[in-house]
Amino acid sequence: MSIDELVGLVEYDAKNDPFPVQGWDAVVWSVGNATQTALFYQHVFGMELVAYSGPETGNRDHHAYVLRSGGVRFVFKGGVDPASALLDHHRRHGDGIVDIALEVPDVDRCVEHARAEGATVLEEPHDVSDEHGTVRIAAIATYGETRHTLVDRSRYRGPYLPGYVARTTGHPTPKRVFQALDHVVGNVELGRMDEWVDFYNRVMGFTNMAEFVGEDIATEYSALMSKVVASGNHKVKFPLNEPAVGKKRSQIDEYLDYYGGPGAQHLALATNDILRTVDALRARGVEFLATPDSYYEDPELRARIGEVRVPIAELQSRGILVDRDEDGYLLQIFTKPLGDRPTVFFEFIERHGSLGFGIGNFKALFEAIEREQAIRGNF
Ligand SMILES: [Fe+2]
């Protein structure tokens, strides 16, 4: 299966796009210990170290490790200088995503459009160069303290950005278990989801995909609202959640409390063999949300799912969820939060035609999350 099929790409005409986006550039994290985190993502998530910046390369402020898995690029940063702004960010938010960087063909055109639509420009377009060429770069603000850096790397051949040196692991690491980034979910403030949908529509020319509201995502106790925006070809997809009023504290409320405001909640990583991915990660100690057997025995669900590529028992033994819509089906599973705070987590997704996000699983999923919240004393 091609990467395009894997992440549900659609045809589109870039001519009238006011803010053309080629795809994801990098997800940049601020973490408490980048040196150890980089090892975790190599040895547990099967990512490959490709570049580095730190005191040895003249960067006195922080360590930064650039890791890849197929089309996914993560950059893990941790403060070295006690005065590093990264440490302030980490004090406020814990391990989290500071930057969802996007690759664009024309940085200046994007920034001009964004500014005209009222976006906050954090970094004006400028060139950065080294012996590998020149990158044109700028940054705009999005929800919370998160930013979108816009990168045109068409004239650059280096391992990441100027200031970084190529670096490889030097010891054996496991095989890759995911190939592409499918979507990044943002949790925003109560009552502000539509503002952020409007931001992505106006400022970045994103279009609205599926819309989930109210009843769709309510359990007996808690609720949330969610809408999805996507770039023209659907390569970049941003579901946006806000808490809704329920009998108890929702998972979005818990996130906002512990992250200290809006931020990126989960990243969905696309795999072409979710069974192998889950087996490999579980063998290395990654914990996934448990799915009750009743989920697989529900006759309504069985009927709706129809035929999938493996027997249901294979999914049940691993806790993998299935959802089907008019276009096809998808298999998905969610990890528990990976950091110390109950904030950021991962989804693994294997798409077979479906362009959705697993709406049919939301109730079962949220009930599983509520069980975990209760164990943490936050429900
Ligand atoms: Fe998701």
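Residues numbered from 1 in each chain as written. Predicted model: local features only at pLDDT ≥ 70, side-chain atom pairs only at ≥ 80, totals over all residues.

Put simply, the test is: UniProt positions are given in the numbering used here, feature names are shortened, and annotations may be inferred rather than shown by experiment.
The name given to the chain in an unreviewed UniProt entry is 4-hydroxyphenylpyruvate dioxygenase, with the source organism recorded as Cryptosporangium japonicum. UniProt, in its Sequence similarities (unreviewed entry) section for the chain, records the words "Belongs to the 4HPPD family."

1. Some points on the domain arrangement of the chain
Applied cut-off: These domain boundaries are the output of an automatic or database domain assignment. Contacts here follow a simple rule: the backbone-placed C-beta atoms of the two residues must lie within 7 Å. Working definition: helices are DSSP H or I runs of at least four residues, strands are E runs of at least two. Numbering for both runs from the N terminus. Each residue is assigned to one of three groups, with Ala, Val, Leu, Ile, Met, Phe, Trp, Tyr, Cys and Pro labelled nonpolar, Asp, Glu, Lys and Arg labelled charged, and all others, Gly among them, labelled polar.
Segmenting the chain into domains produces domain 1 (16–166) and domain 2 (180–376). Taking the mean C-alpha position of each, domain 1 and domain 2 sit 25 Å from one another. Counting from both sides, the interface comprises 25 residues of domain 1 and, opposite them, 31 residues of domain 2. Mapped onto the side of domain 1 that touches domain 2, the elements with two or more residues apiece are strand 1 (23–30), helix 3 (85–93) and strand 5 (96–103). For the side of domain 1 that touches domain 2, the element with the highest residue contribution is strand 5, accounting for four residues. Taken together, the residues of the side of domain 1 that touches domain 2 sort by class into 13 nonpolar, eight polar and four charged.

2. Here's the deal with the pairing of strand 14 (residues 263–270)
Operational definition: Exposure is read from a count of other C-beta atoms within 10 Å of each residue's own; the residue is exposed at 12 or fewer, buried at 20 or more and partly exposed in between. C-beta atoms are placed from the backbone. Two strands make a pair as long as DSSP finds a minimum of two bridges between them.
The buried count for strand 14 comes to eight of eight residues, which makes it a mostly enclosed element. Bridging between strand 10 (residues 180–187) and strand 14 involves seven bridges; their strand directions are antiparallel. Opposite alanine 180, over in strand 14, you have alanine 270 as the bridge partner. In this structure, strand 14 lies alongside strand 17 (residues 345–352), joined through five bridges in parallel fashion. Each bridged residue has a counterpart across the sheet, and for leucine 267 the counterpart in strand 17 is phenylalanine 346.

3. Digging into the nonpolar core
This is how it is decided: For this entry, the nonpolar core is defined as buried Ala, Val, Leu, Ile, Met, Phe, Trp, Tyr and Cys residues connected by C-beta atoms within 7 Å.
One finds Tyr65, Val66, Phe74, Phe76, Leu150 and Leu269 to be the most contacted residues of the largest nonpolar core, which totals 102 residues. Summarising the domain contributions, this core has at least three residues from each of domain 1 (16–166) and domain 2 (180–376). With sequence-adjacent residues up to four places away left out, leucine 269 is seen in contact with Val72, Phe178, Leu181, Asp182, Phe346 and Phe348.

4. Quick notes on unusual backbone geometry
Even without glycine at this site, histidine 234 takes up a positive phi of about 70°. By secondary structure assignment, the location of histidine 234 is in the loop between strand 12 (223–230) and strand 13 (237–244). Of the residues examined, histidine 234 has 21 C-beta atoms within 10 Å and is grouped as buried.

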